[in-house]
Amino acid sequence: MESLLIGSSQKPSSPLPFPFPAEICSFPTGHVLKLKCKAFSNVERLYAVPVRLHVKRQNLHDKSIGQRRITLNPRRDSKYIANSTSEHSLESPRPDLNFLPNSVSEHILESEPSKSPWSSVQQALDVFYRFSRPHTVIGTVLSIISVSLLAVEKLSDLSPLFYTGVLEAIVPALLMNIYVVGLNQLTDIEIDKVNKPYLPLASGEYSVTTGMTIVSSFGILSFLLGGVVGSWPLYWALTVSFMLGTAYSINVPFLRWKRFAVLAAMCIFTVRAVIVQVAFFLHVQMHVFGRPALLSKPVIFATAFMSFFSVVIALFKDIPDIVGDKIFGIQSFTVRLGQKKVFWICILLLEMAYAVALFVGVTSPNSWSKLTAVVGHTFLGWLLLNRTKSIDFKSKASITSFYMFIWKVLVLHCSVLSFFHNYRSILYKIPVNV
């Protein structure tokens, strides 16, 4: 019996830019070694690389250390040297080993990838799904729905006209969202090879030409649809999002504001806290219902609360990316202050937001508002503190998982806010500005 240990004894000349948890396997000479790659969470699954290594007998007189070039992604032609200190050569049944970015836990690659049309469609959808950054898409959709419901004053407002108006806002907003995140990936390809190698442009699943085509077409379609709708608040929201998203990413003189911590945070704060809350509320209030441009107290409260969340998102998103940001000179707050300091600043800001929400709820003259505000925000504050016990600053997967947890809490808050506002204002006929 002979054993093969991957990841020990000798360090490869070029370390892999992603975690590679593997099992120590033993096998008889001349047999095939199937190497499992385990993913312990949804986040780590993005990094898991299932491969099949065939180990064949060499001539006994050949005692030299074998070297083989292994292509982890043939599209990117990213090659690394695999050193074998035993009398084996590592060979693949194909000239390359495919990098599978959406692998499943404990998956073993035992056959050639399916070439069926349905398999190709699934793969294309998976690649576009990752390109679109789904957590931002979900956050945008639910934020728009939540703030749109704040414009509802009576049960009859929940009409086909309202649902059509909300859909008219969501579709161009999603197109603009994909333009913004896509442009960021186009300008961050080299950084993402370190920070997010699973993204399609960084992994080579999309070419630069494909990325530019998607980004430009989605940006144009967003403005075209916004113009067809004819809502000035909506068009204003799209325009400001386009300008700030472009200034944040594009690498031209005086722009690429993501290099500067304060400017980067201001871009995200303006879009998430102000544009999404105010502009889309006014879209429903003015364009759908034809009412005056007046901001109710729930909208002002939602905007203030989202200000805390937006700053936290702007700060926290850079915590898992500290390695690549340092290499490429991105002066984020995490690079300047360190991961732990920024993390606890984010937790403090969120707890402050819950404290403000509790104060607003306690001072409300309505007992229903008081009860829901106290119970709901106390629970969310406790949930957040309890989740901090599981953070591991040495694990990028753990940090990224916590970042996604913050997005989930944001979605939950938006849902609860809109539900209870409309529940009390419609069913109990309580004025909406309370």
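The structure under discussion appears in the preceding block.
Residues numbered from 1 in each chain as written. Predicted model: local features only at pLDDT ≥ 70, side-chain atom pairs only at ≥ 80, totals over all residues. Heavy atoms only, no water.

With that settled, consider the overall build of the protein. Tallying secondary structure elements over the protein gives 15 helices and seven strands in all. The buried share of the protein, taken over its 434 residues, is 49%. Put simply, 70% of the contacts in the protein that link residues at least 6 apart link residues at least 24 apart. Counting every atom, the protein has about 21,600 Å² of accessible surface; 66% of that belongs to carbon and sulfur. (Helix = DSSP H or I, 4+ residues; strand = E, 2+ residues; numbered from the N terminus. Buried < 20%, exposed > 50% of the residue type's maximum accessible area, 1.4 Å probe, protein only. Contact = heavy atoms within 4.5 Å. Areas by Shrake-Rupley, 256 points an atom, 1.4 Å probe, with all protein chains shown as cover.)

Take a nonpolar patch on the surface next. Together, Trp118, Val121 and Leu125 give the surface a local cluster of nonpolar side chains, amounting to about 340 Å² of exposed area. On the secondary structure map, Trp118 appears in helix H2 (residues 117-131). In this structure Trp118 comes out as exposed when scored by relative accessible area, which is 56%. (Patch = residues over 30% accessible without salt bridge, like charges linked within 9 Å, V, L, I, M, F, W, Y side chains within 5 Å. Salt bridge = Lys/Arg side-chain N within 4 Å of Asp/Glu carboxyl O.)

Here we come to helix H3 (residues 134-149). The end-to-end C-alpha separation of H3 is 23 Å, in line with the 22 Å expected for 16 residues at 1.5 Å each. The element H3 is largely enclosed, with a buried count of 13 among its 16 residues. (Expected span 1.5 Å × (residues − 1).)

We note that Phe254 has phi near 75 degrees; this positive angle belongs to a residue other than glycine. The residue Phe254 is located in the loop between helix H8 (232-249) and helix H9 (261-288) in this model. What makes Phe254 exposed here is its relative accessible area of 77%. With a phi close to 55 degrees, Arg256 is a non-glycine residue in the positive phi region. As for its position among the elements, Arg256 is in the loop between H8 and H9.

Inspection of the entire model under this criterion finds ten salt bridges. Salt-bridge contacts for Asp157 lead to Lys154; the nearest nitrogen and oxygen are separated by 3.4 Å. Of the charged contacts in the structure, one is a salt bridge between Asp321 and Lys196, with a shortest N-O distance of 2.6 Å. Of this pair, Asp321 sits in the loop between helix H10 (297-316) and helix H11 (322-327) while Lys196 is found in the loop between helix H5 (189-195) and helix H6 (200-203), placing the two residues 125 residues apart along the sequence. Just as Asp321 is buried, Lys196 falls in that class too.

So, on to the packing of helix H4 (residues 160-187) against H9. Direction vectors running N to C along H4 and H9 enclose 145 degrees, while the axes themselves pass 10 Å from each other. Taken as a pair, H4 and H9 cross one another with a handedness that is right-handed. Contacts between H4 and H9 involve Leu161, Phe162, Gly165, Glu168, Ala169, Ala173 and Asn177 from the first element and Arg272, Phe280, His283, Val284, His287 and Val288 from the second. Its residues assigned to classes, the contact of H4 with H9 shows seven nonpolar, four polar and two charged. (Axes fitted to C-alpha atoms, helices over the stretch in contact; angles between N-to-C directions. Left-handed = near helix turned anticlockwise from the far one by under 90°. Nonpolar A, V, L, I, M, F, W, Y, C, P; charged D, E, K, R; others polar.)

With respect to the helices, strands and loops of the structure, Ile347 is situated in helix H13 (residues 339-362). Taking the relative accessible area as the measure of exposure, Ile347 reaches 3% and is therefore buried. Discounting chain neighbours no more than four positions away, the residues touching Ile347 are Leu384, Leu385, Thr388 and Phe402.

Now for the side chain of Arg256. Residue classification places Arg256 among the buried positions, given a relative accessible area of 7%. For Arg256, the side chain forms a polar contact with the side chain of Thr187, separated by 3.5 Å. Discounting residues that sit within four places of it in the chain, Arg256 has contacts with Thr187, Asp188, Ile191, Ala247, Tyr248, Ser249, Ile250, Asn251 and Ile330. (Polar contact = N/O pair within 3.5 Å; in protein donor to acceptor, adjacent residues only side chain to side chain.)

With that out of the way, let us pick up the packing of aromatic side chains. The final tally for this structure, using the stated rule, is 21 aromatic pairs. Here Tyr179 and Phe242 contribute two aromatic rings whose centre-to-centre distance is 5.1 Å and whose plane-to-plane angle is 25 degrees, an arrangement assigned as stacked. Pair noted here: Tyr179 is in helix H4 and Phe242 is in helix H8, with a separation of 63 residues, a long-range link. The exposure class of Tyr179 is buried, given its relative accessible area of 8%. Residue Phe242 is classed as partly exposed on the basis of its relative accessible area of 29%. Their ring planes at 90 degrees and their centres at 6.4 Å tell us that Tyr403 and Trp407 sit as a pair that is edge-to-face. In this pair, Tyr403 and Trp407 are both assigned in helix H15 (residues 396-427), four residues apart and thus about one turn of the helix distant. Of the two residues examined, Tyr403 and Trp407, each falls in the buried class. Three or more aromatic residues link up through ring pairs in this structure, and these residues are Phe316, Phe343, Trp344, Phe393, Phe402, Tyr403, Phe405 and Trp407. Just above the ring of Phe405 sits the side chain of Arg387; from NZ or CZ to the centre is 5.3 Å. (Phe/Tyr/Trp six-rings, centres within 6.5 Å; stacked < 30°, edge-to-face > 60°. Lys NZ or Arg CZ within 6 Å of the ring centre and 35° of its normal.)

Note on soluble globular proteins: their nonpolar side chains tend to be buried together. Ranked by size, the top nonpolar core spans 50 residues in total, and within it Phe131, Phe162, Phe280 and Phe281 carry the most contacts. Sorting the residues of this core by element identifies H2, H3, H4, helix H7 (208-229), H8, H9 and H10 as the ones contributing at least two each. With near-sequence residues (within four places) excluded, Phe131 lies in contact with Ile178, Val181, Gly182, Gln185, Pro200, Leu201, Tyr206, Ile214 and Val215. Counting 34 residues, the second-largest nonpolar core is a separate cluster that includes Phe305, Met306, Phe343 and Ile406. (Core = buried A, V, L, I, M, F, W, Y, C linked by side-chain atoms within 4.5 Å.)

So far we have only geometry, and geometry alone does not tell us how the molecule works.
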